[in-house]
Amino acid sequence: MKLIDELYELYRNKLTGDEEDIDMLAFAFLEEMDREDLLNIIKDLDNQELYDLMGVYLIESLKGKFANENYGQRRSPIIHHRNIH
């Protein structure tokens, strides 16, 4: 994606590339964008980039839903019963 390449080139020598830096960069970028800006970026994506974007969104959103549902709850460990003769 052109946007990712541009952000990488701008910040690759200024940030360490760890998860905290990447989060900060992503959130700072999003704070500067409005809905129309984001829709224009999405319109410029090719099919694979759009599928990748939606895939990441779906995966992360579902992880969050499942994590919230199980918040404070412990699942019972799975016990496999075996007959040993």
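Because the structure is a prediction, the values reported are computed rather than measured.

This paragraph deals with the pattern of salt bridges. Summed over the entire model, instances satisfying the criterion amount to three salt bridges. Put simply, glutamate 9 and arginine 12 hold a salt bridge, and the shortest N to O gap is 3.5 Å. For the salt bridge of glutamate 60 with lysine 63, the shortest nitrogen-to-oxygen distance reads 3.6 Å. Taken together, the residues span about one helical turn, with glutamate 60 and lysine 63 both in helix α4 (residues 47-69) at a distance of three residues.

Before going further, it helps to examine the confidence of the model for the protein chain. On average, residues of the protein chain score 86 in pLDDT, and 82% of them reach the 70 mark or higher. Confidence, read as mean pLDDT per element, is least for helix α1 (residues 2-11) in the protein chain (92) and greatest for helix α3 (residues 35-43) (97).

In this fold, aspartate 21 is placed in helix α2 (residues 19-31). For the buried aspartate 21, no salt bridge exists, and the shortest N-O distance to an oppositely charged side chain is 12 Å, to lysine 14. Excluding anything up to four places from it in sequence, aspartate 21 contacts Leu15 and Thr16.

What counts and how
Residues numbered from 1 in each chain as written. Predicted model: local features only at pLDDT ≥ 70, side-chain atom pairs only at ≥ 80, totals over all residues. Heavy atoms only, no water. Salt bridge = Lys/Arg side-chain N within 4 Å of Asp/Glu carboxyl O. Helix = DSSP H or I, 4+ residues; strand = E, 2+ residues; numbered from the N terminus. pLDDT = per-residue confidence, 0-100. Buried < 20%, exposed > 50% of the residue type's maximum accessible area, 1.4 Å probe, protein only. Lys, Arg positive; Asp, Glu negative; His and termini not counted. Contact = heavy atoms within 4.5 Å.

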